[in-house]
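Breakdown of the fold
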Amino acid sequence: MTSDGNMMETFDITVAVATHRPYRMPEDPCYLPLHVGAALHPKVCNNMQPDDSGDNISDKNNAYSELTGLYWLWKNCRSEYKGLVHYRRHFRSTDCQHFQSKDRFECIATTEDYSRLIVDRNAQVIVPKARNYVIETIESHYCHTLPGEQLSATRDVLSEKYSKYLGAFDDEMSGTKAHMFNMLVAEREIFDSYCAWLFSVLGDIETRVDSYSYDAFNARWPGRISELLLDTWMATEGVKWTEMPTVSPEPVNWLAKGRSFLAAKFLGKKYERSF
């Protein structure tokens, strides 16, 4: 921070925007458009940074989704702060109410928003506002909507190889709130430590889950399981986190999401697509 209290001059941050197709990107210089799955579809986003350069797992994008972008940031970006968002879901400036703006891109968080939040709240990690499932636990929601064996394999791996984290995982599973979407902004050391742990855990879980019969939607389970591991890691490691609201550049069909949520819980209908 500078002598006049301005952190902007020294705030070194890169926030990758994971995308698999051409799309409008935020204009703030902190954002890096990142083509995820570039090894599988190399000609889709020629004007973007591909995730198949340097040390990468780009060819696992069909299973790991945006996590191939997270891995690329871990291994190839040296900014003091690093983060990941999605082309259709961003952190929202705390000064903006998206429903008051005709252009939702005007509400996407800027470098100043990130620096101010980290300084004012003395935070190491910024995460999205927690999702609250209200009428069921995190565990029951996953098992109602997706194959439950994935969650069982995750707990088995934590119990056998990462027992330090098991208590926090069980607490999260029995609660109704979690920080979802694989979105975060963090100090480089924290970001890299989390990634080292996460990808080790996922690699072990992969040996326990038979994905051979899964369709394309269910094959992306590592990206969904990882959403449940961030809180587990932060709670165990005592990381100081703070929340930031999110904004979608496109309207969200909450009616369809709500119907699918209730159908999964009360009718046993598993999710078949993303919303």
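The paragraphs below set out a description of the structure included in this document. Keep in mind it's a predicted model, so treat the numbers as computed, not measured.

About the thresholds
Residues numbered from 1 in each chain as written. Predicted model: local features only at pLDDT ≥ 70, side-chain atom pairs only at ≥ 80, totals over all residues. Heavy atoms only, no water. Phe/Tyr/Trp six-rings, centres within 6.5 Å; stacked < 30°, edge-to-face > 60°. Helix = DSSP H or I, 4+ residues; strand = E, 2+ residues; numbered from the N terminus. Buried < 20%, exposed > 50% of the residue type's maximum accessible area, 1.4 Å probe, protein only. Contact = heavy atoms within 4.5 Å. Pairing = 2+ DSSP bridges. Axes fitted to C-alpha atoms, helices over the stretch in contact; angles between N-to-C directions. Core = buried A, V, L, I, M, F, W, Y, C linked by side-chain atoms within 4.5 Å. Parallel < 35°, antiparallel > 145°, perpendicular 65-115°, else oblique. Left-handed = near helix turned anticlockwise from the far one by under 90°. Nonpolar A, V, L, I, M, F, W, Y, C, P; charged D, E, K, R; others polar. Expected span 1.5 Å × (residues − 1). Salt bridge = Lys/Arg side-chain N within 4 Å of Asp/Glu carboxyl O.

**Topic: the packing of aromatic side chains**
Going through the model one piece at a time under the given rule, you end up with 11 aromatic pairs. Ring centres of Tyr31 and Tyr114 lie 6.4 Å apart, and the angle between their planes is 65 degrees; this geometry places the pair in the edge-to-face category. With a gap of 83 residues between them, Tyr31 in strand E2 (residues 31-35) and Tyr114 in helix H3 (residues 111-120) connect regions that are remote in the sequence. In this structure Tyr114 comes out as buried when scored by relative accessible area, which is 0%. Through a chain of ring-to-ring contacts, three or more aromatic side chains come together here, namely Tyr64, Tyr71, Trp74 and Phe199.

**Description of helix H9 (residues 230-237)**
The complete set of buried residues in H9 reads Leu230, Asp231, Thr232, Trp233 and Met234. Considering only its buried residues, H9 is in contact with strand E6 (125-128), helix H6 (166-174), strand E8 (177-178), helix H7 (188-206), helix H8 (221-227) and strand E10 (241-244). Positive phi shows up at Gly238, right after H9, with a value of about 70 degrees.

**A short note on the sheet that holds strand E3 (residues 49-50)**
Read from one edge to the other, the open sheet built from seven strands follows the order E3-E2-E1-E4-E9-E6-E10, with strand pairing classed as mixed. In this open sheet, the two edge strands, each paired with only one partner strand, are E3 and E10. Helix-sheet contacts for H3 involve strand E1 (13-19), E2, strand E4 (81-86), E6, strand E9 (184-187) and E10, and the interaxial angle to E10 is about 140 degrees.

**Digging into the nonpolar core**
Judged by nonpolar contacts, the single largest core of 80 residues is most densely connected at Leu70, Tyr114, Trp197 and Phe199. Considering every element that reaches this core, the biggest residue donor is H7, with 10 residues. Excluding residues that lie within four positions of it along the chain, Phe199 makes contacts with Ile57, Tyr64, Leu67, Leu70, Tyr71 and Trp74.

**Re unusual backbone geometry**
Despite not being glycine, Ser65 has its phi angle at roughly 50 degrees, a positive value. Considering the arrangement of structural elements, one finds Ser65 in the loop between helix H1 (61-64) and helix H2 (67-76).

**Some words on the packing of H7 against H9**
In the contact formed by H7 and H9, the axes pass within 11 Å of each other and the chain directions differ by 120 degrees. Comparing the axis directions of H7 and H9 gives the class oblique. At the point where H7 passes H9, the crossing takes the right-handed sense. Contact with H7, carried on its side by Ile190, Ser193, Tyr194 and Trp197, involves Leu230, Thr232 and Trp233 of H9 and no other residues of that element. Partitioned by chemical class, the residues of the contact of H7 with H9 number five nonpolar, two polar and no charged.

**Some thoughts on H7**
Between its first and last C-alpha, H7 extends 27 Å over 19 residues, near the 27 Å set by a 1.5 Å rise per residue. All of the buried residues along H7 are Ile190, Phe191, Asp192, Tyr194, Cys195, Trp197, Leu198, Phe199, Val201, Leu202, Asp204 and Ile205.

**Re the pattern of salt bridges**
A complete count under the given rule lists 11 salt bridges for this structure. Between Glu160 and Arg208 there is a salt bridge; the shortest N-O distance is 2.7 Å. In this pair, Glu160 is assigned in helix H5 (residues 148-161) and Arg208 in the loop between H7 and H8, connecting sequence segments 48 residues apart. Owing to a relative accessible area of 53%, Glu160 belongs among the exposed residues under this scheme.

**With respect to the pairing of E1**
Residues in a regular strand project their side chains so that they alternate between the two faces of the sheet. Where burial is concerned, most of E1 is hidden: seven out of the seven residues are buried. Because side chains alternate across E1, one face comprises the buried residues Ile13, Val15, Val17 and Thr19, and the other comprises Thr14, Ala16 and Ala18, equally buried. One ladder, built from six bridges, connects E1 with E4; its direction is parallel. Each residue of the ladder has a partner; that of Ile13, found in E4, is Tyr81. As paired strands, E1 and E2 are joined by five bridges and run parallel to one another.

**Considering the packing of H5 against H7**
Packed helices, taken two at a time, are described by the angle their axes make and the gap between the axes. At a closest axis distance of 9 Å, the pairing of H5 and H7 adopts a crossing angle of 115 degrees. Relative to H7, H5 is oriented roughly perpendicular. The two elements H5 and H7 meet at a crossing, and its hand is right-handed. Counted together, Ala153, Thr154, Val157, Leu158 and Lys161 of H5 and Trp197, Val201, Asp204 and Ile205 of H7 form the full contact between these two elements. Looking at side-chain class alone, the contact of H5 with H7 contains six nonpolar, one polar and two charged residues.

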